[in-house]
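The lines below spell out each chain.
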Amino acid sequence: MSLNYAYHSAIAGIGATPFTKDSGRTPMDQAVEACLAACEDAGLPPEKVNGMVTYSAEQNPEIEVARNLGIDELTHFSMVHHGGGAACGVVAVACQAIYSGAADYVLCYRAFNERSWHRFGAGVQDRPAGAEASEVSFSWSSPFGLVTPASWVAMFATRYMHEYGATTEDFGRVSVVDRDFAATNPYAHFFQRPITLEDHQNSRWIVEPLRLLDCCQETDGAQALLVTTAERAKDLKQKPAVIASAAQGVAEDQHMMRSYYRETITGIPEMGLCARQLYETSGLSADDIQTAIIYDHFTPLVLPQLEEFGFCERGEAKDFIRDGHLGRDGRLPINTNGGQLGEAYIHGLNGIAEGVRQIRGTSVNQIDNVDNVLATAGTAVPTSALLLSQPR
Amino acid sequence: MSEVMTDEQKEAFVAKLRKEVGSTGTPTTARDPVNQPMIRHWCDSMEDANPLYVDPDAASQGPHSEIVAPPAMLNAWTMVGNVPRVNDPQDPASGVYAKLDEAGYVGVVATNSEHVYHRYLKLGDHLTGTVKLVDVSEEKQTALGIGHFVTTETEYLNQHGDHVGSMFFRILKFRPGTGRTASTGGDSDSGAERPPRPRPSRNQDTDFFWQGSRVGELRIQKCLNCGYLQHPPGTRCPACGSTDMGYVTASGKGALYSYVVSHHPRVPSFDYPLNIGLVELEEGVRLVTNITDCDADQLKVGMPLQAWHMQTHEDVSIPVFRPARAPRNPSTLTPDEVSVGDELPLCPIPLTPTLIVSTAIASRDYQDVHHDRDMALKKGSEDIFMNILTSSGLSARYISDWAGPDAVFKNLKIRLGAPNYPYDCMTMSGSVTAKRESDGEDIVEVSFRGQNSRGPHVTGTVELALARK
């Protein structure tokens, strides 16, 4: 496996709508606004776009977005499976399309009214029960009331705590870091509203061991990324964020959010598979990464991600976090936009945009001397990750 | 005079009830001496397998050197049996009960029983009990109804005049239909029709599992070629590639691998907080399920569990788990092996109608509310319910299964709360709350609780003497 497209493409433009709790607009309207903004950011006329990649749970078909953008021809269009787990996967597929020559400029986007219309947090309680495998798989959990993403993740969290001695305070420290960065990000929902660990510990249970402040927001909004070759990106308006590598992963006995049947459930082997690919194909290692966007739909799974990427040993993420390494002056500041707990939940894509800003040097919480940024996608599902680098 | 009384009338009524407080009734002699058949019947119905009660060889090696009766049987020996009750006009307690019946307080439940054991009863001991009226309370509003608590104390002597034990006993005599609105446990919307749980969907690959659960079997897919087990089921063996798939019926024994306690959002089909577990079966595979009959704070990774099948739809049952009954401790704990704060293993007691009826009869309690559903309903109960001697007997069994056969009960004090109705489950829990030396004996105090779906049925304490090695 070589991922020939390492360092070949770059993110040349980013665009988003305001992140709100009740947009009062259609998701389609927001999708179009975000895509246009990404093109404007790059200084590229939208009609030049000839590829579009989005990911499952997207309800705004690329053909309608293209029609609204005035794009006449698309030569690559694809839908990557598994929701938030595909946040970096869309970029990987865009890279593949560009490297193969199937497309020159590819828009990746996510748009939804995930707070005011369809709340993911409600889970699958109303899921119709068909006989297809995708529906039958819910029979092993829904009849027992395990119906929400929070509950699916909580099952991993309890076991992780049991095996490694992590506590809900360690989860809370992730939340405190996110909210600290959000507090200084005017674009974040929780701008100027930091929390303390005590606030976290006092927040109500959602699904033990997860409290309210361990759970990401639900957001109305849209985010788009424009991907092209690193060469073409040089001719556009912004400093390119070179995609050093981008990879997807499914590991042994994978299930959707409920891979509970493996020998051990304290790691995230599909994320380990992504890490292996990224490091092997980029030539980079954990030591080369100055800041990271660690997917934070729920705080507990931030810990094993740090382990899978080698920022600390297995079971030691709690110590890494207790030592303050995720915060502003730490070894690895994470989610400098405030993450999905603090800024907004745009299914991971807003985090990748923050990664781009860290490469450009334009983040409101800019980290010094950033050479490489890691971004990860939704955990417990089939997942993906990417590395962004300074242009060479 | 079942109409509502004025305050003055109430005062006069209580004064009348209290006239005999302090006096004792006629001694009542047991119909039979302590005997093996009654002991055996008690042990069978309570599932108490302590050999000191039934096995002469084991008993001869034990602390009493011969067969003894289970201590909790103390007041069973002098129960009248299934013969018409004759109110003894000399007996002050009977007199109070009669006055209360007359005044409309016809409902009766026992609320407290406190046994003190001076020595264990041996075959041939012939007991006489003498009841003293100790107290009659003011009128009280209780969950069951408006009523009076009547407290008695009974001293037990054998045929030689040996003082073998005593019992402090309290009952509530109440007016049926005057209780606070019955709480049904949980915090579900009262009265609202509860929608069924999400119905499992199935296809040709998974049907065997749900067919099994319907008939009380937990079936795990097994490769018929290489024997590999997997859950959830697939269409092809990931180990050997065979498509020849069958199943094994699992024992239902497992351990808690992980768990969550769900609070939000609330799906109307479930009670919250909701215990959801990931159980590892002894066969090696895991499954998501509910952990029933235990509080969220009693969940512990590794705890032993036992499957049962919960019917959720007319044609669907799902496998769920409750704490497994710990095996009886065949040796006996020494004082050194016990520390204050030690927790006893949880013990579920499924409340079958058979258990409730057979234990009532084994304790010679023929009150109709314990075996006759029609009469129980007529007296304001939802169903037949467990009698207090059984609550004592099961509590004692729970403690003795943990402490071992040679532990000597010095006393057993229980207080009843939510009734034990059929088809529920009572889960016993307990912890060591004190340890001391008294008259050269090492005494350990255990506090315990038996909780059903409505709340605590029984709470109590027991003091045990444990022998050093």
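Everything below is about the structure shown above.
All figures in this text were calculated on a predicted structure; none of them were measured in a lab.

(A) Main features of the pattern of salt bridges. A full pass over the atoms with the stated rule returns 40 salt bridges over all chains. One salt bridge in this structure joins D29 of chain A and R25 of chain A, with 3.0 Å as the shortest N-O distance. For D29 of chain A, a relative accessible area of 38% gives the class partly exposed. Two residues, D295 of chain B and R449 of chain B, come together in a salt bridge whose shortest N-O distance is 3.1 Å. Of this pair, D295 of chain B sits in the loop between β12 (286-290) and β13 (304-313) while R449 of chain B sits in strand β18 (residues 441-452), and the two are 154 residues apart along the sequence.

(B) Just the packing of helix α2 (residues 36-46) of chain B against helix α6 (residues 353-362) of chain B, in detail. Residues and elements named next belong to chain B. At a closest axis distance of 9 Å, the pairing of α2 and α6 adopts a crossing angle of 160°. Judged by the inter-axis angle, α2 sits roughly antiparallel to α6. Remark: the crossing between α2 and α6 carries left-handed chirality. Along its contact with α2, which presents H41, W42, S45 and M46, the element α6 presents L355, S358, T359, I361 and A362. Broken down by class, the residue content of the contact of α2 with α6 amounts to five nonpolar, four polar and no charged.

(C) Seen up close, the interface of chain A and chain B. Contact residues are listed per partner, giving 37 residues for chain A and 37 residues for chain B. A buried area of about 3,100 Å², summed over both sides, lies between chain A and chain B, and 65% of it is on carbon and sulfur atoms. Counting every contact that joins chain A to chain B gives zero salt bridges. Only α4 (133-136), α5 (149-164) and β5 (205-208) of chain A provide two or more residues apiece to the side of chain A that touches chain B. Ranked by residue count, the leading element in the side of chain A that touches chain B is α5 of chain A, at seven residues. Residue composition of the side of chain A that touches chain B, grouped by class: 17 nonpolar, 13 polar and seven charged.

What counts and how
Residues numbered from 1 in each chain as written. Chains lettered and ligands numbered in written order. Predicted model: local features only at pLDDT ≥ 70, side-chain atom pairs only at ≥ 80, totals over all residues. Heavy atoms only, no water. Salt bridge = Lys/Arg side-chain N within 4 Å of Asp/Glu carboxyl O. Buried < 20%, exposed > 50% of the residue type's maximum accessible area, 1.4 Å probe, protein only. Helix = DSSP H or I, 4+ residues; strand = E, 2+ residues; numbered from the N terminus. Axes fitted to C-alpha atoms, helices over the stretch in contact; angles between N-to-C directions. Parallel < 35°, antiparallel > 145°, perpendicular 65-115°, else oblique. Left-handed = near helix turned anticlockwise from the far one by under 90°. Contact = heavy atoms within 4.5 Å. Nonpolar A, V, L, I, M, F, W, Y, C, P; charged D, E, K, R; others polar. Buried area = accessible area lost by both parts, 1.4 Å probe.

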